[in-house]
Structures are given as structure tokens and as C-alpha cells.
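Geometric and topological summary
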Amino acid sequence: MIKRHMPKHKGSAYIIVLLLVSVLSVLALSIISIAILDYSIAKSDDSSHDAYYIADGGATAALYEIKAQVKETYDRLKQEAENQGALPLEQYIEQHFYDEIPTTYSTRIDFDDGEDRYSDVDVVFGNSDNTYTIQSRGHVKNAVSMVEVKAEVILEQTAVVVEVNEWKEVR
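About the criteria used
- Residues numbered from 1 in each chain as written.
- Predicted model: local features only at pLDDT ≥ 70, side-chain atom pairs only at ≥ 80, totals over all residues.
- Heavy atoms only, no water.
- Pairing = 2+ DSSP bridges.
- Helix = DSSP H or I, 4+ residues; strand = E, 2+ residues; numbered from the N terminus.
- Axes fitted to C-alpha atoms, helices over the stretch in contact; angles between N-to-C directions.
- Contact = heavy atoms within 4.5 Å.
- Salt bridge = Lys/Arg side-chain N within 4 Å of Asp/Glu carboxyl O.
- Buried < 20%, exposed > 50% of the residue type's maximum accessible area, 1.4 Å probe, protein only.
- Core = buried A, V, L, I, M, F, W, Y, C linked by side-chain atoms within 4.5 Å.
- Phe/Tyr/Trp six-rings, centres within 6.5 Å; stacked < 30°, edge-to-face > 60°.
- Lys NZ or Arg CZ within 6 Å of the ring centre and 35° of its normal.

**A few points about the sheet that holds strand S5 (residues 160-170)**
- Spatially, the five strands line up as an open sheet ordered S1-S2-S3-S4-S5, and their pairing is antiparallel. This sheet does not close on itself; its edge strands, each paired only once, are strand S1 (104-110) and S5. When the angles between neighbouring strand axes are averaged without regard to direction, this sheet yields 15 degrees.
- Alignment of S1 against strand S2 (residues 117-126), held across seven bridges, turns out to be antiparallel. Opposite Thr107, over in S2, you have Val121 as the bridge partner.
- Along the sheet, helix H3 (residues 89-100) makes contact with S2, strand S4 (143-155) and S5, crossing S4 at roughly 160 degrees.

**Digging into the pattern of salt bridges**
- What the rule picks out here adds up to eight salt bridges.
- Note that Asp75 is salt-bridged to Lys71, the shortest N-O span being 2.7 Å. Pair noted here: Asp75 and Lys71 are both in helix H2 (residues 12-84), with a separation of four residues, about one helical turn.
- Under the relative-accessibility criterion, Asp75 is labelled partly exposed at 35%.

**Some thoughts on the nonpolar core**
- Residues Ile66, Val70, Phe97, Val123, Tyr132, Ile134 and Val153 are the most contacted members of the largest nonpolar core, which totals 27 residues.
- Of all the elements, H2 adds the most residues to this core, at nine residues.
- If sequence neighbours within four positions are ignored, Phe97 has contacts with Val70, Thr73, Tyr74, Leu77, Val153, Leu155 and Val160.

**Examining the packing of aromatic side chains**
- The full count for this structure, using the stated rule, is four aromatic pairs.
- Centroid distance Tyr52 to Tyr53: 5.3 Å. Interplanar angle 70 degrees. Geometry classified as edge-to-face.
- Residue Tyr53 is classed as exposed on the basis of its relative accessible area, which comes to 54%.
- A network of ring pairs unites the aromatic residues Phe97, Tyr98, Phe125 and Tyr132 as a single cluster.
- In this arrangement the basic side chain of Arg108 is found over the ring face of Tyr118, its NZ or CZ atom lying 3.6 Å from the centre.

This is how it looks when you write it as C-alpha cells:
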């Protein structure tokens, strides 16, 4: 009896195994596809974070440069006023200071680490409100992030101060 029924089901095991292998192959390919997509998203997110930190670093470098230039201008004008005997010193400095500080410039900060990472920085001084606006764009591969800083120059009686009023990421 067993021999009679076997020939009727001959080949069905091959079909079941073939279907099972097909389903498992599709499932494996789906899992691999999801893993690759997840990996590329994670790498893109890393590049975005790196771009932000590079933009932030460019803005920080520009702010330090502004502070140094403003202090150097103040000290130079103070020395000129003392040498010329101009009194009062504060009035002489105030009359000349805002005309002599750097008003606009652009720079690029490159990282020499073999990767395509750099920051483009634009600095603009507004005479109407005595405020520097720093825009720094960090570039990492295809990711770009921008940081904007507003810093006010305050001329005091005995010194000059650069005070940060706003520091934000621009999207």
C-alpha cells in the first residue's frame, strides 16, 4: 500500500523546499536592505552632527578673531590719544573706534585630515547697532549646517567688550 501512494506525491517535497527557500531568500534580502538603509541614515546623521560642530568651531574662531581685533584697535587708539595728549581719552576713542574696526570679511577654515571638511565664515558689522553678525557654514561631505552668532561691541570708559547676544543653529 505504501508503494502505491508514494508515486502520487512524488516531487511535492521539491516544491515545498523551493517555496521555503524562496520565502527565506526574500526575507533575508529584506533584512539586508533594511540594515543597509539604517547604516546609511546613521552615517548621514553623523555627517550632519560633524557639519554642525565644524560650523560652531568656525563661528568660535571668528568670535575670537573679532575680540582680538577690537581690543587691538581700542589699545592702539588709546595709545594714539595719550601720545597726542587728546583729552578726554574716551571721547577720542569713541570718535574713531567704530570707523577703524574691521567691518566685513570672509574666510574658509579647512581641515587637513584627508576628508572633505571645512567651514565658510562670513562676518558683517552693523554700524547702526554696533553688532557683528557671524554666519558659519560647516561642510562635511554632502552635509551642511549653519550657525549664526550676533555679538555686540560695547565701548566702555576703560575698555571694550564684545558680548554675545545670540548663538543659534540656522536650518
